[in-house]
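# Reading the structure
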Amino acid sequence: MSGLSLPWSGPPFQPGTVWLVGAGPGDAGLLTLAALHALREADVILYDALVGADILQLARPDATLEPVGKRAGKPRPTQQAINDRLIERAREGLRVLRLKGGDPFTFGRGGEEALALADAGIPFRVVPGVTAGIGGLGLAGVPVTQRGMNSSVAFVTGHGSAGDVPGDLDWVALALGPQVLVFYMALRTIGTIAERLIAAGKPPMTPVAVASNASLPEQSVLITNLARAASDITRLNPGRPAIIAVGEVALIHNRLAAWQQVGPNGETLADGTGPTGPLRHLAPAL
Ligand SMILES: C[S@@+](CC[C@H](N)C(=O)[O-])C[C@H]1O[C@@H](n2cnc3c(N)ncnc32)[C@H](O)[C@@H]1O
């Protein structure tokens, strides 16, 4: 693969620089040409836990791979340690690829890394990626905006630094403001999120879509509503990672599922198949 030329010639990846690259939600087919170019040129790749083997195998065969995500039995390095490592490797004169799931600047701490590089005087480039909150939901048959349904959307993290829902969210503003709410990292906290949104005025029957492992063979979709989202998630146990959309757009999945192809042989969301294997198309709850 790395011997083939790309149908695009990107800027050279200069020694002593860092590229902050989004790898998309998981499937290698959702990498950008710029991300593939970076994978082929990098000397060293610092990658997160959500970046899979299919993507890493596109790296230059002699590149050094450094995992910096959460791994079984090992704590994730601190953000400071990752920032320091990026700077250290760039100062060694290497082409440093920082590869992150989704988009690097969307709940990916890419902004912190960019600031650290800028402060250290290290030249860097940003390569945006397909974020789970847009592309991942799209793969699950949930358009994040739909004319006539919503003219606004908010992206929210369901996981604050203390592990629970973030303390700085304005629940009334969220409940009554944006017509669609997209929650990252919220599978564990969805019960609290739902309670707070309902208490702040969001109707309990507001549709909810939970898209798990979007783009991967284990992809699954659960359509439920705010009042029962937490109990359905406990009962049906959709996989991680999962992205959660709250709003009318969640129901569009039901109309698209019979025709939206997700499998290699044209299998649709409704067939219960994923890109290369079974899709757990969990029981619709509405
Ligand atoms: C630390 S955030 C990183 C987000 C990433 N930077 C992005 O733009 O998608 C991790 C969260 O992203 C979401 N996520 C990432 N990949 C996903 C996937 N393939 N399917 C569903 N959700 C995903 C989940 O909410 C997960 O908890």
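Residue numbers run consecutively from 1 along every chain, following the written order of its sequence. In view of the model being predicted, local features appear only for residues whose pLDDT reaches at least 70, and side-chain atom pairs are presented and counted only at 80 or more, with totals across whole chains, interfaces and linings using the full set of residues. Calculated side-chain values reflect all of the structure's heavy atoms, with hydrogen atoms and water omitted.

### Quick look at helix α1 (residues 33–41)
Threshold: Here's how the labels work: a residue is buried when its accessible area is under 20% of the maximum for its type, exposed when over 50%, partly exposed in between, all with a 1.4 Å probe on protein chains only. Think of it this way: any DSSP run of H or I at least four residues long counts as a helix, any run of E at least two long counts as a strand, and we number them from the N terminus. Residue contacts are defined here by distance: any two heavy atoms, one from each residue, within 4.5 Å place the two residues in contact.
A large share of α1 lies buried, amounting to seven of its nine residues. Buried within α1 are the following residues: Ala-34, Ala-35, Leu-36, His-37, Ala-38, Leu-39 and Arg-40. Structurally, α1 contributes buried residues whose contacts are with β1 (18–22), β2 (44–47), α2 (53–56), β4 (96–100) and β5 (124–127).

### Topic: the environment of Lys-100
To keep it simple, the criterion reads: In protein, a polar contact means a hydrogen-donor-capable atom and an acceptor-capable atom, both N or O and within 3.5 Å, with residues adjacent in sequence counting only if both atoms are side-chain atoms; elsewhere, any N or O pair within 3.5 Å suffices.
Examined against the element boundaries, Lys-100 turns out to sit in strand β4. Given a relative accessible area of 1%, Lys-100 falls into the buried group. Every residue in contact with Lys-100, bar those within four places of it in the chain, is listed here: Val-21, Gly-22, Ala-23, Gly-24, Asp-48, Val-51, Gly-108, Arg-109, Gly-110 and Glu-113. A polar contact of 3.2 Å, which involves the side chain of Lys-100, links it to the side chain of Glu-113.

### Brief notes about the packing of aromatic side chains
Here is the rule we go by: Classification of ring pairs uses Phe, Tyr and Trp, with its six-membered ring standing for Trp, and accepts pairs whose centres are within 6.5 Å; under 30 degrees between planes counts as stacked, over 60 as edge-to-face, and the remaining range as tilted.
Applying the stated criterion across every chain yields a total of three aromatic pairs. Ring geometry for Phe-13 against Trp-19: centres 4.6 Å apart, planes inclined by 20 degrees, an arrangement best described as stacked. In this structure, Phe-13 and Trp-19 share a single accessibility class: buried. What links up through ring pairs into an aromatic cluster is the set Phe-107, Phe-155 and Tyr-184.

### Brief notes about the pairing of strand β8 (residues 207–212)
Spelled out, the test is: Strand pairing is defined by DSSP finding a minimum of two bridges between the two strands.
For β8, the tally of buried residues reaches six of six residues, placing the bulk of the element in the interior. Here β8 runs beside strand β9 (residues 220–225); their pairing, made up of six bridges, is antiparallel. Residue pairing across strands places Val-208 opposite Thr-224, the latter belonging to β9. Note: β8 against strand β10 (residues 242–246), five bridges, orientation antiparallel. Each residue of the ladder has a partner; that of Val-208, found in β10, is Val-246.

### What about the domain arrangement of the chain?
A common way to report how large an interface is uses the accessible area buried once the components associate. Applied cut-off: An automatic or database domain assignment provides the domain bounds reported here. Accessible area that two parts lose when put together, with a 1.4 Å probe and added across both, is what the buried area reports. When residues are grouped by polarity, Ala, Val, Leu, Ile, Met, Phe, Trp, Tyr, Cys and Pro land in nonpolar, Asp, Glu, Lys and Arg in charged, and all others, Gly among them, in polar.
Partitioning the chain into domains gives domain 1 (18–130) and domain 2 (133–281). The C-alpha centroid of domain 2 is placed 27 Å from the C-alpha centroid of domain 1. At the boundary of domain 1 with domain 2, total buried surface from both sides reaches about 660 Å², with 77% on carbon and sulfur atoms. Interface area lost by domain 1 to domain 2 is led by Pro-25, Asp-27 and Phe-107, which between them contribute 63%. For the pair domain 1 and domain 2, the number of links is one residue pair in polar contact (both at pLDDT 80 or more). Of the residues belonging to the side of domain 1 that touches domain 2, the class tally is five nonpolar, two polar and one charged.

### Quick look at the site of the ligand
Note the cut-off: Working definition: residue near molecule or strand if any one of its non-hydrogen atoms lies within 4 Å of it. Residue exposure ignores everything except the shown protein chains as possible cover, and the areas themselves are Shrake-Rupley values with a 1.4 Å probe. Lining residues are defined by having an atom within 4 Å of a point belonging to a cavity or pocket. Those points lie on a 1 Å grid over the protein atoms alone, cavities being sets where a 1.4 Å probe fits but cannot get out and pockets being open sets with protein on both sides within 12 Å along at least five of seven lines. Assignment to a cavity or pocket requires that more than half of a molecule's atoms be within 2 Å of the site's grid points.
The immediate surroundings of the ligand are formed by 17 residues, with Pro-25, Asp-103, Thr-106, Thr-131 and Ala-242 found nearest. The contact in question runs from an oxygen atom of the ligand to an N or O atom on the backbone of Ala-242, over 2.7 Å. Starting from 570 Å² of accessible surface for the ligand in isolation, the protein chains cover 88%. Assessed atom by atom at 2 Å from the grid points, the ligand resides in the largest pocket. Of the residues belonging to the shell around the ligand, the class tally is eleven nonpolar, five polar and one charged.

### Structural notes on the pairing of β1
For β1, a buried count of five out of five residues is recorded, marking the element as mostly surrounded by other parts of the structure. Side-chain alternation along β1 places Val-18, Leu-20 and Gly-22 on one buried face and Trp-19 and Val-21 on a second face that is also buried. Relative to β4, β1 runs parallel, the two being bridged by five bridges. Pairing of Val-21 across the sheet is with Leu-99, part of β4. Note: β1 against β5, four bridges, orientation parallel. Directly across from Leu-20, in β5, lies its bridge partner Val-126.

### Some details on the side chain of Asp-103
Put simply, the rule reads: When charges are counted, neither His nor the chain ends are considered; positive counts come from Lys and Arg and negative counts from Asp and Glu. For this document, the term salt bridge refers to a Lys or Arg side-chain nitrogen within 4 Å of an Asp or Glu carboxyl oxygen.
Looking at the secondary structure, you find Asp-103 in the loop between β4 and α4 (110–120). With no salt bridge to any partner, buried Asp-103 finds its closest opposite charge in Lys-100, at an N-O distance of 9.8 Å. From its side chain, Asp-103 meets the backbone nitrogen of Gly-129 in a polar contact 3.1 Å long. Filtering out sequence-adjacent residues up to four positions away, Asp-103 remains in contact with Gly-22, Pro-128, Gly-129, Val-130 and Thr-131.

### Topic: the side chain of His-37
Within the secondary structure, His-37 is located in helix α1. For His-37, a relative accessible area of 10% corresponds to the buried category. For His-37, the residues in contact, after removing those within four places along its chain, are Leu-6, Trp-8, Gly-10, Pro-11 and Trp-19.

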